[in-house]
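# Commentary on secondary and tertiary structure
Given next are the chains, with one letter for each unit.
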Amino acid sequence: INGGVCIRHGAKFKRCSSEGCTNNSQKRGVCRRHGAKLTTNKKCMSEGCTTQARNGGVCSKHGATRKLCSSEGCTNIASK
């Protein structure tokens, strides 16, 4: 699936809004260290798999799709 670009081709990340912090923000403008709580603790629905689910309740090994960088010839996963 094509769409977006990888970091190498210009994907921009927002920085944590906490003073002096240079981490990328995860949720609500802050990084995990400063209070971002991510709620993606669901496991893959495929029987016997303990990997974290990505898309549609399954991990990437069991069919979750990820967007690829739209720059020509690049095979990296798109970040934004």
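For the structure given in this document, a descriptive report is provided here. (Residues numbered from 1 in each chain as written. Predicted model: local features only at pLDDT ≥ 70, side-chain atom pairs only at ≥ 80, totals over all residues. Heavy atoms only, no water.)

Here we come to the overall build of the protein chain. Counting its secondary structure elements, the protein chain contains zero helices and zero strands. Rg of the C-alpha trace for the protein chain: 15 Å, well past the compact-globule value of 12 Å for 80 residues, more than 25% over. With the C-alpha coordinates of the protein chain rotated into their principal frame, the extents come out at 45 × 35 × 15 Å. Among the 80 residues that make up the protein chain, the fraction classed as buried is 20%. For the protein chain, the proportion of contacts with a sequence separation of at least 24, taken over those separated by at least 6, is 32%. Of the roughly 6400 Å² that the protein chain leaves accessible, carbon and sulfur atoms contribute 45%. (Helix = DSSP H or I, 4+ residues; strand = E, 2+ residues; numbered from the N terminus. Rg over C-alpha atoms; globule rule 2.2 N^0.38 Å. Buried < 20%, exposed > 50% of the residue type's maximum accessible area, 1.4 Å probe, protein only. Contact = heavy atoms within 4.5 Å. Areas by Shrake-Rupley, 256 points an atom, 1.4 Å probe, with all protein chains shown as cover.)

Overall, Cys44 belongs to the buried group, its relative accessible area being 7%. Taking C-alpha positions, Cys44 is 7.9 Å from Arg54, a pair spaced 10 residues apart along the chain. Excluding anything up to four places from it in sequence, Cys44 contacts Cys49, Thr51, Gln52, Ala53, Gly57, Val58, Cys59 and His62.

Turning our attention to the state of the cysteines. Evaluated as defined, the whole model comprises zero disulfides. With no disulfide of its own, Cys21 has Cys31 as its nearest cysteine by sulfur position, at a separation of 3.8 Å. Judged by its relative accessible area of 15%, Cys21 is buried. Cys31 forms no disulfide, and the closest cysteine sulfur to it belongs to Cys16, at a distance of 3.8 Å. (Disulfide = S-S within 2.5 Å.)

On their own, these measurements won't tell you what the molecule is for.
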